[in-house]
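Structural overview
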Amino acid sequence: MSIKFVTSHAESIVSADDIKRLEPQAVAALETLNNKTGEGSDFLGWVTLPQDYDKEEFARIKKAAEYIKGNCDILIVIGIGGSYLGARAVIECLKSPNYNSLKKDTPDIYFIGNTISPSMVTELVSICEDKDICVNVISKSGTTTEPAIAFRIFRDLVYKKYSPEEAAKRIFCTTDRAKGTLKALADSEGYETFVVPDDVGGRFSVLTAVGLLPIAASGIDIDALMQGAAEAQNDFNGKTVEDNAVLKYAAVRNAFYNKGKKLECFVSYEPCMAMFNEWLKQLFGESEGKDGKGLFPVSCVFSTDLHSLGQYIQESGSSLMFETVIKFNKPKDDFVITEQEGNIDGLNFLAGKTMSYVNEKARQGTLLAHTDGGVGNLVVECDEISEKEIGYLIYFYEKVCAVSGYILGVNPFNQPGVESYKKNMFALLGKPGYENEKETLEKRLGIC
């Protein structure tokens with residue numbers, strides 16, 4: 001497998017010389033990453049994970065997935081951020097955004113604990129009525145507000161449906177190896193546990209038990225997923241931008257940033273990639289958005305969003321953004337357009353052509369239009385949408401993000417800004433220990 005990274009449609013903005021000038025920084029960033037000498041080096045377990053993952057736990061993940069597939073109609077996955085985005089992205093990409101509506105021999109999978117919306121929780125509780133359920137709660141500590149509330153609700157639901165002995169078999173905890181509230185509860189109740197590695201941050205955790213258990217429960221071949229990532233681990237170690245697409249992409253992103261671009265728009269022409277785009281937004285947003293720096297990650301699915309955001313991108317995007325299109329050469333499925341008598345819709349000129357052919361021409365037409373409008377376009381070209389290819393793509397993007405962050409001069413593996421809203425929320429809720437801040441915050445909000 002390989003990824004073809006195409007920059008030719010951005011050369012009017014970022015030239016080959018611009019990329020070459022950033023090559024020494026990119027190479028140094030890659031060496032810093034591989035040698036674990038930079039900021040955040042305690043969180044680099046993902047770098048070698050595809051080849052040195054825990055094989056015993058991997059086997060337990062597959063066994064647990066088989067139990068889930070054979071004993072429930074619905075799997076509830078509880079987590080927020082990296083604790084759910086990667087798994088949902090892979091499932092929707094490799095199965096379907098309509099996965100829960102498909103005819104299949106695997107359970108429906110619903111993700112919760114990523115919002116505090118009472119409507120979402122109420123709806124899901126209703127969906128679970130008269131259904132057999134299993135729960136996979138994913139939290140390093142067990143005290144993160146959104147998933148902790150959801151776990152309270154769905155743990156109670158499991159215990160109302162089943163005996164304590166049966167309930168214990170249906171709850172799976174992905175958490176810290178040895179400590180924390182959730183680990184202690186799991187040990188006391190007899191829930192099977194899987195590990196959130198200490199050296200892998202949430203947004204890089206999709207290829208750990210965090211993502212692999214729900215992915216395996218959907219029927220996806222996680223051996224092939226890991227094989228693809230392992231091949232990527234071997235492939236992206238070249239020392240020049242011509243030999244290593246990771247270096248080139250990281251350099252190009254920083255070249256755009258240095259020229260004043262503020263946004264990278266991730267684009268796909270397959271709706272099944274929408275959640276993958278969401279995973280990319282977290283990966284790059286949390287990794288680079290700090291110290292007043294970083295490109296703001298946004299996403300579109302074309303041609304859908306061409307009828308809403310296309311006008312802005314075409315006419316006003318040049319000063320603000322560049323686009324990165326993830327392109328697959330082979331569609332998962334295809335459909336041949338037929339000829340219709342009378343040619344009422346005027347589309348008989350497409351008779352005999354496939355939908356994938358039309359989709360590709362839409363991509364090419366958009367690329368030309370947007371580059372004519374001054375919006376630089378990058379293309380990440382993959383062969384097909386398969387387990388191996390997606391595993392490869394995941395690792396590719398993780399490494400691009402890390403190298404790009406080091407070039408930018410930030411620690412790609414912390415997220416100091418995430419804690420700010422939590423502190424304010426706890427104070428406003430009256431959590432013990434935050435009493436002194438409550439009155440001040442309420443005055444700022446105009447709460448009497």
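Structure: above.
These numbers come from a predicted model, not from an experiment.

**Points about the overall build of the protein**
Across its full length, the protein carries 17 helices and ten strands. On C-alpha atoms alone, the protein measures out to a radius of gyration of 23 Å, which is about the 22 Å that the 2.2 N^0.38 rule sets for 448 residues. On the principal axes, the C-alpha backbone points of the protein span a range of 60 × 60 × 55 Å. A buried classification covers 51% of the 448 residues belonging to the protein. Here the analysis covers contacts within the protein between residues at least 6 apart in sequence; of these, 78% occur between residues at least 24 apart. For the protein, the exposed area adds up to about 20,200 Å²; of that, 50% sits on carbon and sulfur atoms. Across the protein, the mean location of the 48 positive side-chain charges is 3 Å away from that of the 63 negative side-chain charges.

**Remarks on the side chain of S404**
Secondary-structure assignment places S404 in helix α15 (residues 387–408). The exposure class of S404 is buried, given its relative accessible area of 0%. There is a polar contact of 3.1 Å between the side chain of S404 and the side chain of N254. For S404, the contacting residues outside a window of four places in its chain are A250, R253, N254 and E288.

**Considering helix α12 (residues 274–288)**
Along its 15 residues, α12 runs 21 Å from first to last C-alpha, staying within 8% of the 21 Å computed at 1.5 Å per residue. Taken as a whole, α12 has its buried residues at M275, F276, N277, W279, L280, Q282, L283, F284, S287 and E288. Looking at the packing, one finds that the buried side of α12 touches α4 (85–94), α11 (245–258), β7 (263–268), β8 (296–301), β9 (321–330) and α15.

**Thoughts on the nonpolar core**
Membership of the largest hydrophobic core comes to 100 residues, with the highest contact counts inside it found for F276, L393, F396 and Y397. The element contributing the most residues to this core is α15, with 13 residues. In terms of nonpolar packing, the next biggest core, distinct from the first, is built from 23 residues, I76, A150, F154 and V158 among them.

**Some words on a nonpolar patch on the surface**
On the surface, I116, I149 and I153 cluster together into a nonpolar patch covering about 220 Å² of accessible area. With respect to the helices and strands, I116 occurs in the loop between β3 (108–112) and α5 (118–127).

Thresholds applied
Residues numbered from 1 in each chain as written. Predicted model: local features only at pLDDT ≥ 70, side-chain atom pairs only at ≥ 80, totals over all residues. Heavy atoms only, no water. Helix = DSSP H or I, 4+ residues; strand = E, 2+ residues; numbered from the N terminus. Rg over C-alpha atoms; globule rule 2.2 N^0.38 Å. Buried < 20%, exposed > 50% of the residue type's maximum accessible area, 1.4 Å probe, protein only. Contact = heavy atoms within 4.5 Å. Areas by Shrake-Rupley, 256 points an atom, 1.4 Å probe, with all protein chains shown as cover. Lys, Arg positive; Asp, Glu negative; His and termini not counted. Charge placed at Lys NZ, Arg CZ, Asp CG, Glu CD. Polar contact = N/O pair within 3.5 Å; in protein donor to acceptor, adjacent residues only side chain to side chain. Expected span 1.5 Å × (residues − 1). Core = buried A, V, L, I, M, F, W, Y, C linked by side-chain atoms within 4.5 Å. Patch = residues over 30% accessible without salt bridge, like charges linked within 9 Å, V, L, I, M, F, W, Y side chains within 5 Å. Salt bridge = Lys/Arg side-chain N within 4 Å of Asp/Glu carboxyl O.

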